[in-house]
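This is what each chain is made of:
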Amino acid sequence: MKHLYYLLLAIILLPCHAANAQLITTSPTIVQRSSNPIVITFHADQGNKGLMGLTSSTPVYAHTGIIRKGSTKWEYAPQWLDNSAKYKLSYVSANTWQLTIPGINEYYGITNAVEVEKLAFVFRNANGSKEGKTAAGGDIFVNVVQDNEFELTLTSSAESEYITQARDITFTATTTSSADIDIYLNSTTSSPVASAKNATTLTKTIAINTPGTYNVIARATSGTKTATQTSTVTYLGQSTQTDYPGGIPQMGAKANSDGSVTFCLAAPDKSNVLIVGSWNEYDIATSQPMHYQDYNGNRYFWATISGLAADTDYPYYYLVDGQYKVGDPYANLVLDPWNDRYISPTVFPDMPPYPSDKVSDVPLAVYNSSINDYEWKIKNFKGVDQSALVIYELLIRDFNGTEGQSLGNGTIAGVMEKLDYLKELGVNAIELLPVMEFNGNNSWGYNPNFYFAPDKAYGTPDDYRKLVDAIHERGMAVILDVVFNQSDGLHPWYRMYDIDRNPFYNGTAPHSYSVLNDWNQDNQLVQQQFKDALIYWLTSYNVDGFRFDLVKGLGSNQSYNATYDQSTNTWSGVTEDKTNAYNE
């Protein structure tokens, strides 16, 4: 297998002062410059979940520093993999760890006047092979309030801002100094539902019994200073059992003869899914829960949307059990909230903008009725005889770009300019390193997240098709390098479950070649995804064949004795539990 070289952008996630379940919590709730001590509680089952499931026998450490006001640079941080006792967290309970900071100056060794704005963290195991970060793989930050500032925070006992059943939720307002505190429901013009005079905390439990959106507002006044914070909880409607049209669920977005579109997500063991799209301005409160159908041992959620205009981009995502925001595994185009901004308009003109004013921290699928329409010049390419193949392995990122500089800025347009050169070399097949939507913009592609969408860093979907057409015009075949042994952490099926209960992934790989997140190859939906992806690229992009990466990662350690007899077209030595296993 090729090595994985890719660049992930560190995404800064600022803790919100009105929050539900968080990756880290602190005591005191509001960290001030002079707070002493400060207890950092790390919840390993939140964020990217890179350290989830570790037990007390496996130490967890904090790589931590400070960010001073007006800067983005880490300071006063140790060397990476410094396993000194001061950086070791204490195990509290499953997926809960704590770090005690006696005081900011003392802990970080600050000896002069530094205005600290944030504490910065990355949590890791002893050798750094596993990391706890934000859901997007970014650093974790805790705001530090200066001692002379007045601050209010509002927290909620709800695990997220969405709930799927009626329940009582406790809201807690906390201030940095004594204040008059009021808590309101939906409007500050109405009477407060709770009040306290000359206090630093106020708690109120509110019964949420009817579907809808509830805005809980805290307002605190200390002398001439007033602060307000809002925490929103939306009680979603319930998904109901109704069979998919025709009775057999089809994953992804399917256009219907009446112009409507049916969207379908496989989500075993889930009870509630909403589809949230641009057609209603991403308004979760007015989005209708999807129906569900249990079919062949799996649960599928589906909804039919009417009134979508032809040849128009409609970004959307799924909200699963009120907790997980995910894209569509079968998306044909994906919008990335972290990396799309760095793609040049010359590479992808008229790229649909990410609606950052309405949505955040979730890759969006894009439905467009004509996304797969293309007028092929070469419609009957016959391929190249396998015995005569002369293959050129090509990484678009590095094949072309700024001459003489290793900038990784190659594009499909640049490859097109050199096809005649490749033809003159005697090449009759071009193998493209993975181009399915991968994490970041700068990658070899072996960290895929969506198998039905081309990565936008190299060009538009039609650019890929034009490349295939141009290669075929020159009598050369196109082979795609595909990665079915692993995915990165943004695949929807990875994000929807804790790893110890994920039907799509193995918590521990059954083979010795694990990279990133190991697919459960026995899962019929995983198998269906791979089959559908191959058919999609054969039919929608006219590729001619595939190279499968690390096929030993598709089996178990017991399956490596399998051998293939070409004369009889049979396998031998294949274990019963892994009949698809074979040697690379």
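Residues numbered from 1 in each chain as written. Predicted model: local features only at pLDDT ≥ 70, side-chain atom pairs only at ≥ 80, totals over all residues. Heavy atoms only, no water.

### Topic: the packing of aromatic side chains
- Evaluation of the coordinates by the stated rule reveals 33 aromatic pairs.
- Relative to Tyr108, the ring of Tyr107 lies with its centre 5.0 Å away and its plane at 80°, an arrangement referred to as edge-to-face. In terms of burial, Tyr107 and Tyr108 fall into one category: buried.
- Ring centres 5.6 Å apart and planes at 10° place the aromatic pair Phe121 and Phe123 in the stacked group. Across the pair, exposure class does not vary: Phe121 and Phe123 are buried alike.
- Feature note: the residues Tyr451, Phe484, Trp493, Tyr494, Tyr497, Phe504, Tyr505, Trp519, Phe530, Phe546 and Phe548 constitute an aromatic cluster, connected by ring pairs.
- The residue whose ring lies beneath Arg124 is Trp80, and the NZ or CZ to ring-centre distance is 5.4 Å.
- Here the guanidinium or amino end of Lys418 rests over the ring plane of Phe399, the centre of that ring lying 5.7 Å away. (Phe/Tyr/Trp six-rings, centres within 6.5 Å; stacked < 30°, edge-to-face > 60°. Buried < 20%, exposed > 50% of the residue type's maximum accessible area, 1.4 Å probe, protein only. Lys NZ or Arg CZ within 6 Å of the ring centre and 35° of its normal.)

### Digging into the sheet that holds strand β18 (residues 261–266)
- Read across the sheet, four strands follow the order β17-β18-β21-β20 without closing on themselves; strand pairing throughout is antiparallel. A strand with exactly one partner marks an edge of an open sheet, and here the two such strands are β17 (252–255) and β20 (291–295). Taking each pair of neighbouring strands and ignoring which way they run, the sheet shows an average axis angle of 25°.
- Across five bridges, the pairing between β20 and strand β21 (residues 298–305) is antiparallel. By the bridge assignment for β21, Gln293 is matched with Tyr300. (Pairing = 2+ DSSP bridges. Helix = DSSP H or I, 4+ residues; strand = E, 2+ residues; numbered from the N terminus. Axes fitted to C-alpha atoms, helices over the stretch in contact; angles between N-to-C directions.)

### Regarding the pairing of strand β25 (residues 364–367)
- Every second residue of β25 is oriented toward a common face, with Leu364 and Val366 on one face and Ala365 and Tyr367 on the other, all of them buried.
- Pairing geometry for strand β24 (residues 334–335) and β25, over two bridges, is antiparallel. Considered in β25, the bridge of Val334 is made with Ala365.

### With respect to the pairing of strand β11 (residues 152–156)
- Burial analysis of β11 places four of its five residues in the buried class, the great majority of the element.
- Bridge analysis of β11 against strand β13 (residues 167–185) gives five bridges, and the strand direction is antiparallel. Its bridge partner being in β13, Thr155 is matched across the sheet by Thr172.

### A few points about the sheet that holds strand β7 (residues 96–101)
- Taken in spatial order, the four strands make up an open sheet running β3-β4-β7-β6, and their pairing is antiparallel. Taken across any chain shown, the strands that pair with only one partner, and hence form the sheet edges, are β3 (24–27) and β6 (90–93). Between one strand and the next, the sheet's axes are offset by a mean angle of 30°, whatever the strand orientation.
- Where β3 lies against strand β4 (residues 38–43), four bridges are found, and the strand directions are antiparallel. The partner of Thr25 across the bridge, within β4, is Thr41.

### Observations concerning the pattern of salt bridges
- All chains considered together, the criterion is met by 17 salt bridges.
- For the salt bridge of Lys118 with Glu117, the shortest nitrogen-to-oxygen distance reads 3.3 Å.
- On the basis of relative accessible area, Lys118 is assigned to the buried category, the value being 13%.
- Asp462 is paired through a salt bridge with Arg465; the nearest N and O atoms lie 3.3 Å apart. Taken together, the residues span about one helical turn, with Asp462 and Arg465 both in helix α5 (residues 461–473) at a distance of three residues.
- A network of salt bridges, in which partner residues are shared, links Lys49, Asp498, Asp500 and Arg501. (Salt bridge = Lys/Arg side-chain N within 4 Å of Asp/Glu carboxyl O.)

### Some remarks on the environment of Ala253
- Positionally, Ala253 belongs in strand β17.
- For Ala253, a relative accessible area of 28% gives the class partly exposed.
- For the pair Ala253 and Leu152, spaced 101 residues apart in the sequence, the C-alpha separation amounts to 44 Å.
- Every residue in contact with Ala253, bar those within four places of it in the chain, is listed here: Val261, Thr262, Phe263, Tyr316, Asp328 and Tyr367. (Contact = heavy atoms within 4.5 Å.)

### Digging into helix α7 (residues 524–540)
- With 17 residues, α7 should reach 24 Å at 1.5 Å per residue; the first-to-last C-alpha distance of 23 Å fits that figure.
- Two to three positions downstream of the cap, the backbone nitrogen of Leu525 sits 2.7 Å from a side-chain oxygen, assigning the N-cap of α7 to Asn523.
- Looking one or two residues beyond α7, the residue adopting positive phi is Asn542, at roughly 55°. (Expected span 1.5 Å × (residues − 1). Polar contact = N/O pair within 3.5 Å; in protein donor to acceptor, adjacent residues only side chain to side chain.)

### Looking at α5
- Along its 13 residues, α5 runs 19 Å from first to last C-alpha, staying within 8% of the 18 Å computed at 1.5 Å per residue.
- Those residues of α5 that sit buried are Pro461, Tyr464, Arg465, Leu467, Val468, Asp469, Ala470, Ile471 and His472.
- In this structure, the buried residues of α5 make contact with α3 (412–416), α4 (419–424), β27 (429–432), β29 (477–482) and α7.

### Remarks on the confidence of the model for the chain
- Across the chain, the average pLDDT comes to 89, with 91% of residues at or above 70.
- The low-confidence segment residues 574–584 (pLDDT under 50) makes 32 contacts with residues lying over four places distant or belonging to another chain. (pLDDT = per-residue confidence, 0-100.)

### Points about the environment of Phe301
- Its location among the elements puts Phe301 in strand β21.
- Under the relative-accessibility criterion, Phe301 is labelled buried at 0%.
- As for Phe301 and Asp243, which are separated by 58 residues in sequence, their C-alpha atoms are 9.4 Å apart.
- Setting aside its immediate chain neighbours within four residues, Phe301 contacts Ser239, Phe263, Cys264, Leu265, Ala267, Lys270, Ser271, Asn272, Val273, Met290, His291 and Tyr292.

### Brief notes about unusual backbone geometry
- Put simply, Ser27 and Pro28 share a cis peptide bond, and its omega is 5°.
- Of note, Pro28 is situated in the loop between β3 and β4.
- Cis geometry is found at the peptide bond from Asn36 to Pro37, where omega equals -5°.
- Relative to the helices and strands, Pro37 resides in the loop between β3 and β4.
- Despite not being glycine, Leu81 has its phi angle at roughly 70°, a positive value.

### A short note on the nonpolar core
- Ranked by internal contacts, the top residues of the largest apolar core, which has 81 residues, are Phe263, Tyr318, Ile430, Leu432, Tyr458 and Trp493.
- Of all the elements, α7 adds the most residues to this core, at seven residues.
- Not counting residues within four places of it along the chain, the set of residues in contact with Trp493 comprises Met251, Leu265, Ala266, Pro329, Asn502, Phe504, Tyr505, Trp519, Leu525 and Gln529.
- Core analysis: the next-biggest nonpolar cluster, separate from the first, contains 30 residues, Ile38, Leu99, Tyr107 and Val144 among them. (Core = buried A, V, L, I, M, F, W, Y, C linked by side-chain atoms within 4.5 Å.)

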